[in-house]
Amino acid sequence: MRAIIYCRVSTEKITQDTSLKRQKEELENLAKNHKFEVIKTIEERHSGFDLEREGIIEALALFKDKKADVLLIQDDTRLGRGHSKIALIHELRKMDVKVFTIQDQGEISLSDADIMVLEILSVVEEFQRKIARYKISRGMSRAINDGFEPHKNLSNIHMGGREKKELPVEEIINLRKRNLTFHEIAATLRGFGYDVSKATVHRRYKDYCNELEEK
């Protein structure tokens, strides 16, 4: 398995250099013991309460791109403090990334409280996904009930679910005339395969209105 070593201290003091060096050496031994291939070693000096850390963001990007499978840290406090730690563990779990620590000499051991919070976060995210799917379905149903015929109107959709990059502006106008909100229009178009936000729909509609005024 491919691993990323992550070392962190919270201050810029020179005395922290020894801690970074020790963390790195111990984590290299941990990787060797578990036969991990270390593809990256990240060292940074930053507060664990802050999520906006260049080093940890780089690590997350590598995991997202499937460049590594395991994160190696000294203990859970090196990952972060307070809410930051929980947020990062949650993101790593969603990407199926394993976290190994020197403290545990293997996979990270979480407290019952941490596990409970992570389970709550997972439930909330699933609930949000269900709400999003409901909004898409509601927007599509409303548009169809008002006479919208997607198989005729969304001519940019190709066979196999692939679509052209350009949005069907004429359908944004048509749906708006049927009194759909910009949020409902965006949800409806996403249901037909267009990656579009409410803001983009609103901007395209405003551009259309501005063009009409100029004529």
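Structure: see above.
Caption draft 1: Spatial organisation of the overall build of the protein chain. The helix and strand tally for the protein chain stands at 9 helices and 5 strands. Beginning at the N terminus, the succession of helices and strands in the protein chain can be written as β-α-β-α-β-α-α-β-β-α-α-α-α-α. Counting all 215 residues of the protein chain, 36% fall into the buried class. Contacts spanning at least 24 positions in sequence make up 67% of the contacts within the protein chain whose residues lie at least 6 apart. Within the structure as shown, the protein chain displays about 13,300 Å² of accessible surface, and the carbon and sulfur contribution to it stands at 50%.

Caption draft 2: View of the pattern of salt bridges. Enumeration over the complete set of coordinates arrives at 6 salt bridges. As a salt-bridge pair, Asp69 and Arg2 come within 3.4 Å of each other at their nearest N and O atoms. With Asp69 in the loop between helix H2 (54-64) and strand E3 (70-73) and Arg2 in strand E1 (residues 2-9), this pair connects stretches of sequence that are 67 residues apart. A relative accessible area of 24% places Asp69 in the partly exposed class. As a salt-bridge pair, Glu58 and Lys40 come within 3.2 Å of each other at their nearest N and O atoms. Separated by 18 residues along the polypeptide, Glu58 in helix H2 and Lys40 in strand E2 (residues 37-45) bring together distant segments of the chain. Since its relative accessible area comes to 33%, Glu58 is described here as partly exposed.

Caption draft 3: Broad picture of helix H9 (residues 198-214). Helix length check: H9, at 17 residues, gives a terminal C-alpha distance of 25 Å against a target of 24 Å (1.5 Å per residue), a fit within 8%. Burial in H9 covers these residues: Thr200, Val201 and Tyr205. Buried residues of H9, viewed axially, fall in a sector of 135°; they line one side. Away from its buried face by more than 90 degrees, H9 exposes Glu213 and Glu214.

About the cut-offs
All residue numbers here refer to positions counted from 1 along the written sequence of the relevant chain. Where local features are concerned, this predicted model is filtered to residues with pLDDT of at least 70; where side-chain atom pairs are given and counted, the filter is 80 or more; whole-chain, interface and lining totals use all residues. Based on all heavy atoms of the structure, the side-chain values leave hydrogens and waters out of the count. Numbering of helices and strands starts at the N terminus; helices are DSSP runs of H or I of at least 4 residues and strands are runs of E of at least 2. To sort residues, take the accessible area from a 1.4 Å probe on protein chains only and compare it with the maximum for the residue type: under 20% means buried, over 50% means exposed, and anything in between is partly exposed. Only heavy atoms matter for contacts: two residues are in contact if any of them lie within 4.5 Å across the pair. Values of accessible area rely on a 1.4 Å probe in the Shrake-Rupley scheme; residue burial ignores everything except the protein chains shown. Here, a salt bridge means any Lys or Arg side-chain nitrogen found within 4 Å of an Asp or Glu carboxyl oxygen. A helix is expected to span 1.5 Å multiplied by its residue count minus one. In this context, the arc is that of the directions from the helix axis out to the C-beta atoms.

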